[in-house]
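Coordinates in review
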Amino acid sequence: MAEGDAVAAARAEQVALLTRIEERLRWLSSWTVHNANNIRAKRDGLKVGGHQASCASMTAIMTALYFHALRPQDKVAVKPHAGPVLHAIHYLLSEQTREKLERFRGLGGVQSYPSRTKDTIPIDFSTGSVGLGVAVTAFSSLVQDYLVAHGQLAEADTGRMIALMGDAELDEGNIYECLIEGYKHDLRNCWWIVDYNRQSLDATTADRMFRRFDDIFETCGWRVVTLKHGRLQREAFQRPGGRALEDWIANCPNADFAVLTYLGGAAWRERLERDLAGVRGVKELLADHDDAALARLMTNLGGHCIETLLDAFDAATGDQPTLFIAYTVKGYGLPLAGHKDNHSGMMNTAQIEGLRAELGIQPGEEWDKWAGLGDNLAARLEALVKDSPIARKAPEHRAPAVPVPDRLPVPEGAVLSTQAAFGKVLYDLAKSDAALADRIVTTAPDVTQTTNLGAFVNQRGLFRRQELADVFQKAKIPSAQKWSAHTAGQHIELGIAEHNFFLLLTSLGLAAPHFGTRLLPVGTVYDPFIARGLDALNYGCYQDARFLLVGTPSGITLAGEGGAHQSINTPLIGMGQPGLESFEPAFADEVALLMRWAFDHMQADGGSSVYLRLTTRQIEQQPRTDDSWEAGAIAGAYWLRPPLPGAKAAIAYSGAVAPEALAAWEELQDDLPGLGLLAVTSPDRLHRDWSAARAARWQGGARTPSHIETLLGELAPDAGLVTVLDGSPAALSWLGGVKGHRISPLGTDRFGQTGDLPDLYRTYRLDTHAIIDAAAELFLA
Ligand SMILES: Cc1ncc(C[n+]2csc(CCOP(=O)(O)OP(=O)(O)O)c2C)c(N)n1
Ligand SMILES: [Mg+2]
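Structural notes, computed from the coordinates. Just so you know, these numbers come straight off a predicted model, no measurement behind them.

Contact pair helix H3 (residues 59–69) / helix H4 (residues 83–92): the axes reach a minimum separation of 11 Å and the direction vectors enclose 40°. Comparing the axis directions of H3 and H4 gives the class oblique. For the crossing formed where H3 meets H4, the hand is right-handed. Here Thr59, Met62, Tyr66 and Phe67 of H3 come into contact with H4, specifically with Val85, Leu86 and Ile89.

Structural data, given as structure tokens:
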């Protein structure tokens, strides 16, 4: 046999086997959903759910990718609702258990959407909120390049960061924010594979978008590979009448194509006979296909043709970012194919039985990997699966921790803001030779200077794969910012797009498990604009990425900037966000202490990301006689002025309003002897600890009181509390519930406006008077 023939024969054999694997994935994903919804016992009357059609849409794509193109070092974000296909792949690899599949969407079972933290198979990226799982792959490519440039990863070990995405994900704005940023940073090693079934959840997608995506992506430096037709179609197009058929498909509206797909062979025939009547060759072409064959031909799109997929993946060499637009049919190979309501639609029992029979699977053999295929074929499939590169994927890294110094020096100065202190701590680190400093990566969405990252950047440089001179510096124009960019730089500058910011923090914060090197990402953003990227922040926390988020400046304390820039609800975001421990310090020594703690906590097993809410208000610093306050500051609160035992009153404050709280405390001394002043550094940690302590007690655990119970336990049972912070009063008002103390909570719950601090604090009742008034009402009435 000639060499070419042997290659062709091997390819044909590979395609034949992968076609069987595709069928298994289509079956197992369908069956997993069916079992959970129709067979497993139900207790709550709720629909379990699952997406058989969305799975079937990409089983061929995932077969060709996972069992051929994927290399062990590649990482994949899987379209959320195709999660069951990923689990079926790992079931074939013997890395997923039948028991977990049977508990799909149940407690401890396979999660509905791939989850790094909840699923037990290797998941590179969690997905669920559409669009974010796509864009994050681009940022992980950037992080990979960062590690290569910093000598932490060999070029030979770099992988492709791949997103398997639905076409409706292309409607998400964060995709385009990421495209632009990717172009600026010379993105490479990134593949996005679109399951282009032209259906979203509600509808068939707009025909007008045809070719638009090609333009958009090519403009941003991507190679676009369109897989429109499968081999059957391409061969048919060569026949007489074939050109006309090709044109007909090209011009067929998405909705018509979907309807005909659903109706099947007879409907295709009737329509083509009508539309292509009299075209030479068409009659014969149609006559050569029975209804089943005609339906197969018409739905033989690129994304369902294993051969087409293999060829396309093989041909996409080099590191240019690549968009594959793989035309598909939603629900391919299922009776749901093409129906506009198939997104959450499920096969009924008769339909799933029909599919089972079609695939030669006997009743009772539904979970058998290779049921109905015969020993010989089963053995060959088992061998193919075992030999596939994905089977050689190494477990995720457990990167060694980066040592954190025992203490970070406290910035000097009698009067300081928390934002300035933050910048100074980073700057001191940047000048030091601490190992920690080398692993810090800073980033900001175009607010580097105004959030006090500038000094760190001057010291450590901007990261760029290509050197970029600071033209202003060369021209000897005086400036505080020295923005030279080079491969050793440690600051990644982003445009103003907060989703990108949080996705980059996510990717940097996954560097340890992904690439084996721990990075300590520090990102700054104006506090109110956290809300702009909130879903991406949640996304990063959900997959346990570790970073330090600094929201600054915050609150109406940012007086002159007015209501559009003054954050109100971020203390509640900090409290409500799992995977993020939030703090609002007031003094520079607290900032240094909490940053040190954060660098540790970001690396700890069971740790998390950390959020610091800071301000530009310069306040007088507190003299300290010892470090006894420190443990409390980390736990969330400490007595800045301890109450006398059994005191009837206390003031609790957070953050920038410390001077007002202190002044009120001074003034109330005489009227309220023993008055305490509680510095609350973290309402979030206090509340979590309080909840955990109660839960532990209910579950028969230790009866240790929570930190806040201990602190407030020093007051008389009938004491009163005034709480105050520059943010939603609800962040502290719950303190009244801890011991049943009467409470008067101050804070902002209306939009801010411009003004100077005295005016604003008076108007919004954050000033000393307001605190004294609140106290008077509680204690003296
Ligand atoms: C941010 C976000 N909004 C809405 C949803 C609900 N949702 C899940 S899938 C989907 C449509 C997906 O269509 P497409 O991406 O084309 O995938 P297909 O199922 O067609 O393959 C929607 C709206 C979601 N998961 N995330
Ligand atoms: Mg779709």
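Burial analysis of H3 places 10 of its 11 residues in the buried class, which makes it a mostly covered element. Within the sequence span of H3, burial applies to Thr59, Ala60, Ile61, Met62, Thr63, Ala64, Leu65, Tyr66, Phe67 and Ala69.

Donor atoms from the polypeptide that coordinate the magnesium ion (ligand 2) comprise Asp167 (OD), Asn197 (OD1) and Gln199 (O), at 2.0 to 2.1 Å from the metal. Sequence spacing of the donor residues for the magnesium ion (ligand 2), all on one chain, is D-x29-N-x1-Q. Taken individually, Asn197 and Gln199 each receive the classification buried, so the pair is uniform in this respect.

Time to look at the sheet that holds strand E5 (residues 322–327). Taken in spatial order, the 5 strands make up an open sheet running E1-E2-E3-E5-E4, and their pairing is parallel. The open sheet has two edge strands with one neighbour each: strand E1 (75–78) and strand E4 (223–227). Between one strand axis and the next, the sheet turns by 15° as a mean value, whatever way the strands run. Where helix H15 (residues 306–315) meets the sheet, its contacts fall on strand E3 (190–196), E4 and E5, and the angle it forms with E4 comes to roughly 165°.

Let us now look at the site of ligand 1. Ser54, Lys79, Asp167, Gln199 and Lys330 are the nearest of the 18 residues found near ligand 1. Take Ser54: an N or O atom from its side chain is 2.6 Å from an oxygen atom of ligand 1. One of the side-chain nitrogen or oxygen atoms of Asp167 is found 2.6 Å away from an oxygen atom of ligand 1. Coverage of ligand 1 by the protein chains reaches 75% of its 590 Å² of free accessible surface. When grouped by side-chain class, the residues that make up the shell around ligand 1 number 3 nonpolar, 9 polar and 6 charged.

Further remarks concern the environment of Arg243. Inspection of the secondary structure assignment puts Arg243 in helix H10 (residues 242–251). Using a relative accessible area of 58% as the deciding quantity, one classes Arg243 as exposed. For the pair formed by Arg243 and Gly281, sequence separation is 38 residues and the distance between their alpha carbons is 9.9 Å.

Below, the discussion takes up helix H9 (residues 231–238). All of the buried residues in H9 are Gln233, Ala236 and Phe237. For H9, the angular spread of the buried residues around the axis is 105°, confining them to a single face. On the buried face of H9, the contacting elements are H10, helix H13 (282–287) and helix H14 (291–298).

Once that is clear, we can look at the pattern of salt bridges. Following the criterion strictly, the structure yields 49 salt bridges and no others. Salt-bridge contacts for Asp74 lead to Arg160; the nearest nitrogen and oxygen are separated by 3.1 Å. Here the residue Asp74 occupies a position in the loop between H3 and E1, and Arg160 occupies one in the loop between helix H6 (132–149) and strand E2 (161–166), the gap between them amounting to 86 residues. Neither Asp74 nor Arg160 differs from the other in exposure class; each is buried. The shortest N-O distance in the salt bridge between Glu581 and Arg685 comes to 2.7 Å. Of this pair, Glu581 sits in strand E13 (residues 580–583) while Arg685 is found in helix H29 (residues 683–698), placing the two residues 104 residues apart along the sequence. For the residue pair Glu581 and Arg685, the accessibility class agrees, reading buried in each case. Bridged by salt links that share partners, the residues Asp145, Glu155, Asp186, Arg188, Asp319 and Arg465 form one connected network.

With that out of the way, let us pick up the side chain of Glu181. The residue Glu181 is located in helix H7 (residues 173–184) in this model. A polar contact of 3.0 Å, which involves the side chain of Glu181, links it to the backbone nitrogen of Gly495. Ignoring any residue separated from it by four or fewer positions in sequence, one finds Glu181 in contact with Phe139, Glu493, Leu494, Gly495 and Asn500.

Calculation notes
- Position numbers for residues start from 1 in each chain and track the written sequence from start to end.
- Going through the entries in the order they are written, you letter the chains from A and number the ligands from 1.
- Residues qualify for local features only when their pLDDT is at least 70, as the model is predicted, and side-chain atom pairs are given and counted only at 80 or more; totals for whole chains, interfaces and linings, by contrast, use all residues.
- Neither water nor hydrogens contribute to the side-chain values; these are computed over all heavy atoms in the structure.
- Geometry is summarised by axes, namely lines fitted to C-alpha atoms with helices restricted to the contacting stretch, and by angles between N-to-C directions that run from 0 to 180 degrees.
- The helix and strand labels rest on DSSP assignments: H or I over at least four residues marks a helix, E over at least two residues marks a strand, and numbering proceeds from the N terminus.
- For classification, angles of less than 35 degrees are called roughly parallel, those exceeding 145 degrees roughly antiparallel, those between 65 and 115 degrees roughly perpendicular, and all remaining angles oblique.
- Each crossing is labelled by how the near helix is turned from the far one, with a counterclockwise turn of less than a right angle marking it left-handed and a clockwise turn marking it right-handed.
- In this analysis, two residues are considered to be in contact whenever any of their non-hydrogen atoms come within 4.5 Å of each other.
- Only protein chains enter the calculation, and the probe is 1.4 Å; a residue is then buried if its accessible area is under 20% of its type maximum, exposed if over 50%, and partly exposed in between.
- Only nitrogen, oxygen and sulfur atoms within 2.8 Å of the metal, or 3.2 Å for Na, K and Ca, are treated as donors, and water is left out, so sites may look incomplete.
- Any two strands are treated as partners once DSSP identifies two or more bridges connecting them.
- Throughout, the term near means that a residue has one or more heavy atoms lying within 4 Å of the molecule or strand in question.
- N or O atoms closer than or at 3.5 Å make up a polar contact, with two conditions inside protein: a donor-capable atom paired with an acceptor-capable one, and, for residues adjacent in sequence, both atoms drawn from side chains.
- Areas reported as accessible are Shrake-Rupley estimates using a 1.4 Å probe. Residue values count occlusion only from the protein chains shown.
- Think of it as three bins: nonpolar holds Ala, Val, Leu, Ile, Met, Phe, Trp, Tyr, Cys and Pro, charged holds Asp, Glu, Lys and Arg, and polar takes everything else, Gly as well.
- By construction, the arc corresponds to the directions joining the helix axis to the C-beta atoms.
- Within this document, salt bridges are pairs made up of a side-chain nitrogen of Lys or Arg and a carboxyl oxygen of Asp or Glu, the two lying within 4 Å of each other.

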